[in-house]
Structures are given as C-alpha cells and as structure tokens.
Amino acid sequence: MTGNGVLTKRAFVTGATGFVGGALVRRLVSDGWELVVLVREQSQYAPLENLGATVVFGDLCQPESLTDVLKGCSVVFHCAALTGVEHRIDDFHQVIAGGTNNLLQAADSAGVQRFVYVSSILVYELTENATRYTESMPLLTSSVDPYGRAKIAAESACLEARQAGLFQVSILRPVFVYGPGDRPGGFLPTLLSMLRTGRFRLVDGGRSRIPMIYISDLVELLILAAEQPQADGQIYNACSAASPQWHELTTTLCEEMQLAMPGNVNGRLVGLLASAAEGLAKIGLLGKLPISKAAVKLLSHDVRFPTDKAEQQLGYQSRVAYRQGIIDCMPMLRESLNSSAGSE
C-alpha cells in the first residue's frame, strides 16, 4: 500500500491451478496486476508462467515454505481449499483451517495490507424453516460436515487477525461455482460424471433450486472485495441473481449429452443416511464422510443466499444469467464427457 492509502497492484494468490484461482489470475493479469502464485511442484503451473505470474513452490501445511514468498505483496487472495468427499475428515481441518492460519502468519510477517478469503455458504446452519440466508445468519452447529466446520474455523482466524490489527480482511461465501474452464472435481464436471455413470439421484423430484454463481461474477466480486475500502471487515454472499431447479439443470445436461435422466430418492431417507454417517464419524468409525446433513439440506431445500449487501456496499452485479452460463459451459462439458468415455 502506498503512502496515500492506495493498494499497489501486486497480489499473492493461492489455489491458482484450480478453477476459481485460475480464473482470478487471468482477470488480474488482464487488469495489470503483478502476481505471485503459490503452487506445488507436481502441479500443472506452466500456464501461469505463460501469463507472466511469478510461480513459487510451497505448501499451506508447511509454514516454513511460506516465510519469504509473500514479500512485496499488498493483497492476498486465498482461494485454495480441499473439496469433494474423497478426503479424510481430519485433512479438511489441517488444510483449510490449519493452512489458513499458516498463511495469515506469513502474510503478517510480509506486511500484507489486505487479505481476501474464499469461504463457502456451507458455513451456515441450514434449517427446515429458513429459506433466505443473509450474512448475519447463524453458523453451522447441527452437522459435523468437515468442510463447513473447517471453513468456519478459517473465517474465525481471518477475523481475529483483523481484530488484532494485522491487516484488512474480507470474506466471500460462494455458492456452487460454474463456468468454462472448470476442472475434474468441480461442480458441473462432477455432476456430469455422476449422471453418466448413474450415480446421481434427484432428491424429492429435484424441485429445489440450486444456488449457483458464474465464475466471472465471482471473480468480479473478489476484486471488488480487495479494492473497495468499505469491504474491510465484511462478509459477503456470492451468488447469481437467479438459479435453476435441480430437475431443470439435470434435464438440460441429459438432453444435451444424450444421457438417461437420473432416478429419484426420498429426501427424508437421504437425511437419515447422512445422520447415520455422521454418527459413525463422531465415534471414529468413518474416516471419510460420504455425505453430511448440511449437504443434504443444500440438495433438498429451496435456499437462497441474497447478495444485497455486496450490491449496496460494493456495487456488485450478477451479470451472467444461468441460461447463457450453461450454453457457455457446453463445449467444456462435451470435452469432459468424451475424455471420460475414452479413458474407459
């Protein structure tokens, strides 16, 4: 930050080889930012170098690898996290909560001025009665969902760092992120893979809406959170203005990809299975949680995450409508489907 309080355009980005981080890097480069990106040596980082980003090797779980790499950066965009159900429960806390703590300490030592953290709407306590979740709603307590719990711990660490006067902090809570360039393990590629292999079921007919945000809208909000002074100390939902029902989305994908429509499953039954899985996890009989009660509520309830706060404070606007967003994704999804089929 310069002497007149303006951020210098040199940023540090984690998760840059992922979907969100990669899209953010491309946008920042086009906006004239100088970038330092944290990657693992075994990752595919050549495209980042081709964009002109400075690649540094390190691991969020190894704090010694973060000691010097943030020097000279005014902003940190922390996009890295574990996702999916294939990871062990303990790993979520170690990477998401522990890794964020390590990064916060390194950012403090490096003199960073602004820290922007990508959290998740899975931090909310999703209840039977509420359908609209603003940023002030209660946080998750009824589920042991390891992803949501780890995100809560990471958010708390970020806010504590701000309270201690280390730097300015902004937190974003995205819904399901979609768009061209998504990777295996991302929302739409995973859904398509499950449809292709018959592993996906609509819950109660798929009548509930899916909270989604197009990738460029999320990137825009990330940059607003970094650049706008009024974003300091604030938490923002990140969602598009309108989202489809699960049935609408799966119908579109199955028709376009010539796949069979998925079957249906009773939401109450899925909830009971999730409760049983969490019970086994609590007593140490499950190292991985295949589904959580929090995830079931997100799949089976018509929940909304309004962005009024970001609109009013930062001027955020959701620019890409769902139908256009899905059209933009089709070439990527066809390629994903063909490569999956070809690998069998």
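The structure presented is a predicted model; accordingly, all values stated were derived computationally and were not measured.

Rules and cut-offs
Residues numbered from 1 in each chain as written. Predicted model: local features only at pLDDT ≥ 70, side-chain atom pairs only at ≥ 80, totals over all residues. Heavy atoms only, no water. Phe/Tyr/Trp six-rings, centres within 6.5 Å; stacked < 30°, edge-to-face > 60°. Helix = DSSP H or I, 4+ residues; strand = E, 2+ residues; numbered from the N terminus. Buried < 20%, exposed > 50% of the residue type's maximum accessible area, 1.4 Å probe, protein only. Salt bridge = Lys/Arg side-chain N within 4 Å of Asp/Glu carboxyl O. Pairing = 2+ DSSP bridges. Axes fitted to C-alpha atoms, helices over the stretch in contact; angles between N-to-C directions. Patch = residues over 30% accessible without salt bridge, like charges linked within 9 Å, V, L, I, M, F, W, Y side chains within 5 Å. Areas by Shrake-Rupley, 256 points an atom, 1.4 Å probe, with all protein chains shown as cover. Contact = heavy atoms within 4.5 Å. Lys, Arg positive; Asp, Glu negative; His and termini not counted. Polar contact = N/O pair within 3.5 Å; in protein donor to acceptor, adjacent residues only side chain to side chain. Expected span 1.5 Å × (residues − 1).

Observations concerning the packing of aromatic side chains
Moving on, step 1. Evaluation of the coordinates by the stated rule reveals 12 aromatic pairs.
Moving on, step 2. Look at Tyr45 and Phe57: their rings are 5.2 Å apart centre to centre, the planes differ by 70°, and that puts the pair in the edge-to-face class. With Tyr45 in the loop between β2 (34-39) and α2 (46-50) and Phe57 in strand β3 (residues 54-57), this pair connects stretches of sequence that are 12 residues apart.
Moving on, step 3. Of the residues examined, Phe57 reaches a relative accessible area of 37% and is grouped as partly exposed.
Moving on, step 4. Ring geometry for Phe187 versus Trp246: centroids 6.1 Å apart, planes at 80°, classification edge-to-face.

Describing the pattern of salt bridges
Moving on, step 1. For the structure shown, the criterion picks out 13 salt bridges.
Moving on, step 2. Among the salt bridges present, the one from Arg162 reaches Asp232, with a minimum N-O distance of 2.9 Å. Taken together, the positions of Arg162 in helix α4 (residues 146-163) and Asp232 in the loop between α6 (215-227) and β10 (234-238) put the pair 70 residues apart, joining distant regions of the chain.
Moving on, step 3. Across the pair Asp302 and Arg304 runs a salt bridge whose closest N-O atoms are separated by 3.8 Å.
Moving on, step 4. Linked by salt bridges that have partners in common, Arg27, Asp31 and Glu220 make up one network.

Overview of the sheet that holds strand β1 (residues 10-14)
Moving on, step 1. The sheet built from 7 strands is open, its strands ordered β3-β2-β1-β4-β5-β6-β10 with parallel pairing. Looking at which strands have only one partner, the edges of the open sheet turn out to be β3 and β10. Across the sheet, the mean angle separating the axes of adjacent strands is 20° when strand polarity is ignored.
Moving on, step 2. In this sheet, strand β6 (residues 168-174) lies alongside strand β5 (residues 114-118) in parallel orientation, the contact comprising 5 bridges.

Here's the deal with a nonpolar patch on the surface
Moving on, step 1. A cluster of nonpolar residues, Leu280, Ile283 and Leu285, forms a patch on the protein surface that exposes about 310 Å² of accessible area.
Moving on, step 2. Structurally, the position occupied by Ile283 is in the loop between α8 (267-282) and α9 (293-300).

Concerning the environment of Ala241
Moving on, step 1. Among the secondary structure elements, Ala241 is positioned in the loop between β10 and α7 (246-257).
Moving on, step 2. For Ala241, a relative accessible area of 75% puts it in the exposed group.
Moving on, step 3. The spatial distance from the C-alpha of Ala241 to the C-alpha of Pro211 is 9.2 Å, given a sequence separation of 30 residues.

Digging into the environment of Leu202
Moving on, step 1. Counting through the fold element by element, Leu202 comes out in strand β8 (residues 201-203).
Moving on, step 2. Separated by 69 residues in the primary sequence, Leu202 and Tyr133 place their C-alpha atoms 23 Å from one another.
Moving on, step 3. Beyond its immediate stretch of four places on either side in the chain, Leu202 contacts Trp246, His247, Thr250, Met261, Pro262, Gly263, Asn264 and Val265.

Structural notes on the side chain of Arg114
Moving on, step 1. Along the polypeptide, Arg114 turns up in strand β5.
Moving on, step 2. One buried charge, Arg114, has no salt-bridge partner; the nearest side chain with opposite charge is Asp232, at 5.1 Å.
Moving on, step 3. A polar atom in the side chain of Arg114 sits 3.3 Å from the backbone oxygen of Gln228.

Focus on α7
Moving on, step 1. Given a rise of 1.5 Å per residue, 12 residues ought to cover 16 Å, and the 16 Å separating the end C-alpha atoms of α7 matches this to within 8%.
Moving on, step 2. Buried within α7 we find Trp246, Leu249, Thr250, Thr251, Leu253, Cys254 and Met257.
Moving on, step 3. At the exit of α7 stands Gln258, carrying a positive phi of roughly 55°.

What to know about the pairing of β10
Moving on, step 1. For β10, a buried count of 4 out of 5 residues is recorded, marking the element as mostly surrounded by other parts of the structure.
Moving on, step 2. Bridge analysis of β6 against β10 gives 5 bridges, and the strand direction is parallel. Looking at the pairing, Pro174 lines up with Ala238 of β10.

Bear in mind that shape data such as this cannot, by itself, settle questions of function.
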